[in-house]
Amino acid sequence: MMASKSFLVTKNLPEKFFKNISTKFMMDMWPHSHDITREQLLKRVAGKSGILCTLSDKIDGQLLDAAGPQLKCVSTLSVGYDHIDVDECKRRGILVGNTPDVLTDAVAELTIALLLATIRRLFEANQALREGKWLRGWGHFFMCGTMIKGSHIGLIGGSGRIGRSIIKRLRSFEPSRISYTSRTPHSFMEQEFGAHFLSMNELLAESDIIIVCCSLNDSTRHLLSAEQFCLMKSTAVVINTSRGSCIDQQALYETLKHGRIAAAGLDVMEQEPIATDDPLLALNNVVLLPHIGSAAQSTREQMIWMALDNLEAGIDGRPLVASVF
Ligand SMILES: O=CC(=O)O
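This one's a predicted model, so the numbers in the text were calculated from it and none came from an experiment. (Residues numbered from 1 in each chain as written. Predicted model: local features only at pLDDT ≥ 70, side-chain atom pairs only at ≥ 80, totals over all residues. Heavy atoms only, no water.)

### Section: the overall build of the chain
Scanning the chain from N- to C-terminus turns up 12 helices and 12 strands. In terms of overall size, the chain behaves like a compact globule, its C-alpha atoms giving a radius of gyration of 22 Å where 325 residues would be expected to give roughly 20 Å. Taking the principal axes of its C-alpha atoms as reference, the chain extends roughly 75 × 50 × 35 Å. Expressed as a percentage of the 325 residues in the chain, the buried residues total 48%. Across the chain, contacts joining residues at least 24 apart in sequence account for 61% of those joining residues at least 6 apart. (Helix = DSSP H or I, 4+ residues; strand = E, 2+ residues; numbered from the N terminus. Rg over C-alpha atoms; globule rule 2.2 N^0.38 Å. Buried < 20%, exposed > 50% of the residue type's maximum accessible area, 1.4 Å probe, protein only. Contact = heavy atoms within 4.5 Å.)

Okay, structure coming up:
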């Protein structure tokens, strides 16, 4: 007998993960390596009880209408869910699941890697070597950068899971101070993580390194814009492994171009993928990565298992393993 419920997978993922669930529900997986188009997404979602999506799929009212009233669950292969209209899902009784915890360590490690690559100018140094610039001889100050040791690090959203995990790792580098900003101060941050609460403006003005690790929502969109960059030290470095839209990218570009801050390291951008002719790519005081925070093989596999657990529970009408509300 044909399974009566079906689900859509918006990415081409290895079949091995779907062996079990596809015996229970009918699977429709996007078969191409390129992203599903909006048109195809709207078409293929019709009649589905579940959607397994990623952060590049916009799940809004139009998509939920196209799916139809039998849709029970949206399961995203990400911890962030700013691409999903959660209020609209809630209103329609559609469960929304994400993949917290399993990616925390991978994102924290990548944040440290990006920070070091930015302040020690690793990509610039590698490029210089390839261009034969090292051959000119030993330059005493050639490719000098700065250190975490002795720096004041300020984390925006530092009290969240990923922020705390970054702080744990940072402490071994012996920064002079770790500060964080969040809606309210938390006593555990001081006691367990040695991190001090600062207001946003204090954190921006006093930090040597500013790490953005908050989630994206209406209150964090363009949290860092021209006004905030003006408050920063001229030697400040900004790192973002959260969402591109937490930063006004045009304002960041102008700031970096005119050397008003020292550098930035971005794993996330306002438009992803960023165009190869984007002016940011022409600057050498910015390190850009293609949103690879959680891209460790084992982490990505765990994310799939968790998203599948969410999907199956949601279609069955059981509570999700990780629900966003
Ligand atoms: O950015 C990645 C995620 O939200 O999982």
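### Some points on the UniProt feature "domain: D-isomer specific 2-hydroxyacid dehydrogenase catalytic" (unreviewed entry) in the chain
Annotation from UniProt places "domain: D-isomer specific 2-hydroxyacid dehydrogenase catalytic" (unreviewed entry) at residues 8-321. In the segment residues 8-321, helix accounts for 34% and strand for 14%; the C-alpha atoms at its two ends are 19 Å apart. (UniProt positions renumbered as here; feature names shortened; annotations may be inferred.)

### Regarding helix H12 (residues 297-316)
The end-to-end C-alpha distance of H12 is 29 Å, a good match for the 28 Å that 20 residues give at a rise of 1.5 Å each. On its buried face, H12 is in contact with strand E1 (6-9), helix H1 (21-24), strand E3 (50-53), strand E4 (73-76), strand E5 (95-97) and helix H5 (104-119). Positive phi appears at Gly317, one or two residues downstream of H12, with a value of about 80 degrees. (Expected span 1.5 Å × (residues − 1).)

### Quick notes on the nonpolar core
Counting residues in hydrophobic clusters, the biggest one holds 44 residues, and the most contacted among them are Phe18, Ile166, Leu170 and Ile211. With 7 residues, H5 is the largest single contributor of residues to this core. Composition of this core by domain shows at least three residues from each of domain 1 (6-100 + 298-316) and domain 2 (104-288). With residues up to four places along the chain from it excluded, the contact list for Ile211 reads Thr111, Leu115, Ile153, Gly154, Leu155, Ile156, Ile166, Leu170 and Ile239. Core analysis: the second largest hydrophobic core is formed by 27 residues, Phe229, Met232, Leu256 and Met269 among them. (Core = buried A, V, L, I, M, F, W, Y, C linked by side-chain atoms within 4.5 Å. Domains from an automatic or database assignment.)

### Here's the deal with the environment of Asp278
You can see Asp278 is positioned in the loop between strand E11 (263-266) and strand E12 (286-288). One polar contact links the side chain of Asp278 to the main-chain amide nitrogen of Leu280, over a distance of 2.9 Å. (Polar contact = N/O pair within 3.5 Å; in protein donor to acceptor, adjacent residues only side chain to side chain.)

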